[in-house]
Amino acid sequence: MDDDVRELYQEVILDHGKNPRNFRQLEDANCEAQGNNPLCGDRLTVYLKVDEDRLIRDAAFEGRGCAISMASASMMTQIVSGKTVSQVQYLFDKFHKLCTGEIEEFPQDEFAHDVDKLRVMSGVRQFPMRVKCATLSWHTMNAAVSGDSETSTE
Amino acid sequence: MDATPSNIDLQRSNYDVDAIRADFPILASEINGYPLAFLDSGASAQKPECVLRCMDDVYRRSYANVHRGAYTLSQAATDYYEGARKTVARYINARSDDEIVFTHNVTAAINLVAHSYGRRFLQRGDEVIISQMEHHANIVPWQLLRDEIGIELKVAPIDEAGNLLLDQLAEMFGYKTKLVSLTHVSNVLGTIVPIKKVIDLAHERDVPVLIDGAQGIVHTRVDVQDLDAEFYAFTGHKLYGPSGIGVLYGKKDLLNTMPPYEGGGDMIERVTFEKTTYRDAPARFEAGTPPIVEAAGLAAAIDYVDGIGVENISAHEQELLAYATERLNEVDGITIYGEAQHKAGIISFTLDKVHPHDIGTIIDSRGVSVRAGHHCAQPLMDWLGIAATTRASFGMYNNKNDVDALVEGLNYVKEIFS
Ligand SMILES: Cc1ncc(COP(=O)(O)O)c(C=O)c1O
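Residues numbered from 1 in each chain as written. Chains lettered and ligands numbered in written order. Predicted model: local features only at pLDDT ≥ 70, side-chain atom pairs only at ≥ 80, totals over all residues. Heavy atoms only, no water.

A word on the site of the ligand
Residues and elements named next belong to chain B.
Logical step 1: Taken together, 13 residues lie around the ligand, and T107, D212, T235, H237 and K238 are the ones closest in.
Logical step 2: At 2.6 Å from a nitrogen atom of the ligand is found a side-chain nitrogen or oxygen belonging to D212.
Logical step 3: In the model, an oxygen atom of the ligand is placed 2.7 Å from a nitrogen or oxygen of the H237 side chain.
Logical step 4: The residue inventory of the shell around the ligand, partitioned by class, reads 3 nonpolar, 8 polar and 2 charged. (Near = heavy atom within 4 Å. Polar contact = N/O pair within 3.5 Å; in protein donor to acceptor, adjacent residues only side chain to side chain. Nonpolar A, V, L, I, M, F, W, Y, C, P; charged D, E, K, R; others polar.)

Printed below as a string of structure tokens:
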């Protein structure tokens, strides 16, 4: 269990948790959504700039939460930038399944580079109560591109 | 039943926490390879062997539905159920068993009052006074009533330490004040509210009072005749009893003026399609098959608590609270929330730069169970200007090792986050 905790709270996560990247409001965002985790009261806002080809030009977020949710949101903004909406929805689906233990590994495909980052988060598998912390930002991003302004992990 | 101070000292020296721990089977567990340090009794307490055995016995030997069958087993189950009502009545010194309504938890008890008493006696513009440190269970039912009939909610303030500001509360009463609904003990700050004073204040103005005793009855002796509150509500699972049962104490005459809350079997006198008449309290408020075995379990828990003496339990918890406060203050970056003059065994804190959820997960890996979050008291959290705290709460079975495990766990958190 100590090992599981160490795996979950590894350097990369602690670093992103402490110094989240793209932690700001995006002035020219055209998609945004609020995510709530009613269990813990944590909330965050995801901002996206999506062009007419459904390509995500820029991503940022603001909010408060635990190290896991902050790190996950931070990494997500890095990953989704430069991808199309359908690509990030594909990644979300796989990431979600990885966190809940539905799949063991990411498929080997063109996203191998991003997948390395996401794999870091998959330590939450050992902590079912914390899966929502890891996936909140992704749910929120998904709501933003789908045109929902509010989402919740429930 | 007030123990004199010397009496308490005498008894406390005999307080055998090891013997008590041995009565709670779950405390022998290992969690993630470490001995369990259970510090979340404020959310729900563990159960002693006698409660488990009692419930098992009822199911094995005395189970049937209550009040319905003219046969031996139904009578046996009814005896357990009605016997439990007697035990509760005696424990809180009610005038009559009829003043004890069994519900599913304290939340249901408060909703019962809001719906039944509220709809009958409150009108648009009437005011209900609550406090800044209520659990959502004593906020949301009044908001539902507000949305439905247009009452107003007034919130009594607290000071930085978490003391209820009685003078300001006194000034909030007006001719439209129709009810005060207040927690006995704050589940976040640990504040023991001087409810007797509040009840007296309210009664001077002819205003009835409901006390949310979910945390209060666990840490203090409750004598409803001495308190004189119109309603006192609590929940079984925090009092070492099973989940699924709560109690609403209400003054009998008042209960019998209130309309039913839920309709169904067991609460009626006579039903025709044109008109139904209702039984008196408590049956009027107990529609459908009640929590039979849970009632028996609650009575066993109360007998157990009473055998040890709630004054002794609370004295033991005070020692732990003092020890925990001292040890936690040694940890760099800790802020403790709640420093009221009178505090129960509940201690909420934050640790610089670490979110309570991360603390919860990490110290659980060392066997320590604490609650992390907003504790169903978001308005209080907003007032404190924080999103969440970590909360350790003590039960009769906790000891200094549990506190030490907590402090060691926090040091491990700091190591990871350093
Ligand atoms: C002060 C207070 N009121 C109400 C409740 C709700 O209790 P229950 O969930 O058993 O209804 C709790 C506990 O969660 C509490 O601490």
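Considerations on the sheet that holds strand β6 (residues 152-156) of chain B
Residue and element names in this part refer to chain B.
Logical step 1: Pairing is mixed in the open sheet, where 7 strands are placed in the order β4-β10-β9-β8-β7-β5-β6. At either margin of the open sheet sits one strand with a lone partner, and together these are β4 (100-103) and β6. Across the sheet, the mean angle separating the axes of adjacent strands is 20° when strand polarity is ignored.
Logical step 2: Alignment of strand β5 (residues 127-131) against β6, held across 5 bridges, turns out to be parallel. Note that in β6 the partner of I129 across the bridge is K154.
Logical step 3: The strands touched by helix α8 (residues 195-204) are β7 (177-183), β8 (209-212) and β9 (231-235); relative to β8, the strand with the most contacts, the crossing angle is about 160°. (Pairing = 2+ DSSP bridges. Helix = DSSP H or I, 4+ residues; strand = E, 2+ residues; numbered from the N terminus. Axes fitted to C-alpha atoms, helices over the stretch in contact; angles between N-to-C directions. Contact = heavy atoms within 4.5 Å.)

Side note on the side chain of B:N398
Residue and element names in this part refer to chain B.
Logical step 1: With respect to the element layout, N398 can be found in the loop between β17 (389-393) and α16 (400-417).
Logical step 2: Under the relative-accessibility criterion, N398 is labelled buried at 1%.
Logical step 3: Among the polar contacts listed, one links the side chain of N398 to the backbone nitrogen of G395, at a separation of 2.7 Å.
Logical step 4: Apart from residues lying up to four places away in sequence, N398 is in contact with V17, R21, F38, L39, S41, H316, L320 and S393. (Buried < 20%, exposed > 50% of the residue type's maximum accessible area, 1.4 Å probe, protein only.)

Focus on the packing of helix α4 (residues 72-91) of chain B against helix α12 (residues 292-308) of chain B
All names here are of chain B.
Logical step 1: At their nearest, the axes of α4 and α12 sit 8 Å apart, and the two run at 40° to each other. One element, α4, and the other, α12, form an angle in the oblique class. When you trace α4 past α12, the crossing you get is left-handed. Where α4 abuts α12, its residues A77, Y80, Y81, A84, T87, V88, R90 and Y91 lie against I292, A295, A296, L298, A299, I302, D303, V305 and D306. (Parallel < 35°, antiparallel > 145°, perpendicular 65-115°, else oblique. Left-handed = near helix turned anticlockwise from the far one by under 90°.)

Focus: the nonpolar core
Logical step 1: With 80 residues, the main nonpolar core has B:I92, B:F102, B:Y232 and B:M396 as its most contacted residues.
Logical step 2: With 12 residues, α12(B) is the largest single contributor of residues to this core.
Logical step 3: Counting contributing residues, this core receives three or more from each of domain 1 (5-31 + 309-417) and domain 2 (51-307) of chain B.
Logical step 4: Sequence-distant contacts of B:I92, defined by excluding residues within four places in its chain, comprise B:I100, B:I217, B:V222, B:D223, B:V224, B:F234 and B:Y249.
Logical step 5: Counting 77 residues, the second largest nonpolar core, distinct from the first, contains A:L91, A:L98, A:L118 and A:L136. (Core = buried A, V, L, I, M, F, W, Y, C linked by side-chain atoms within 4.5 Å. Domains from an automatic or database assignment.)

A look at the packing of aromatic side chains
Logical step 1: Throughout the structure, instances matching the rule amount to 14 aromatic pairs over all chains.
Logical step 2: For the pair A:Y90 and A:F111, a centre-to-centre distance of 5.7 Å together with 40° between the ring planes defines the contact as tilted. One end of the pair, A:Y90, is in helix α4 (residues 85-100); the other, A:F111, is in the loop between α4 and α5 (112-121), and 21 residues separate them in sequence.
Logical step 3: With relative accessibility at 7%, the residue A:F111 sits in the buried group.
Logical step 4: Ring centres of B:Y81 and B:F102 lie 5.2 Å apart, and the angle between their planes is 50°; this geometry places the pair in the tilted category. Of this pair, B:Y81 sits in helix α4 while B:F102 sits in strand β4, and the two are 21 residues apart along the sequence. Of the two residues, B:Y81 and B:F102, both sit in the buried class.
Logical step 5: Put simply, the rings of B:F24, B:Y240, B:Y304 and B:Y397 touch in pairs and so form one group of aromatic residues.
Logical step 6: Its end group placed over the ring of B:Y412, B:R366 keeps NZ or CZ at 3.7 Å from the ring centre.
Logical step 7: Between the NZ or CZ atom of B:K400 and the centre of the ring of B:Y323, over which it lies, the distance is 4.9 Å. (Phe/Tyr/Trp six-rings, centres within 6.5 Å; stacked < 30°, edge-to-face > 60°. Lys NZ or Arg CZ within 6 Å of the ring centre and 35° of its normal.)

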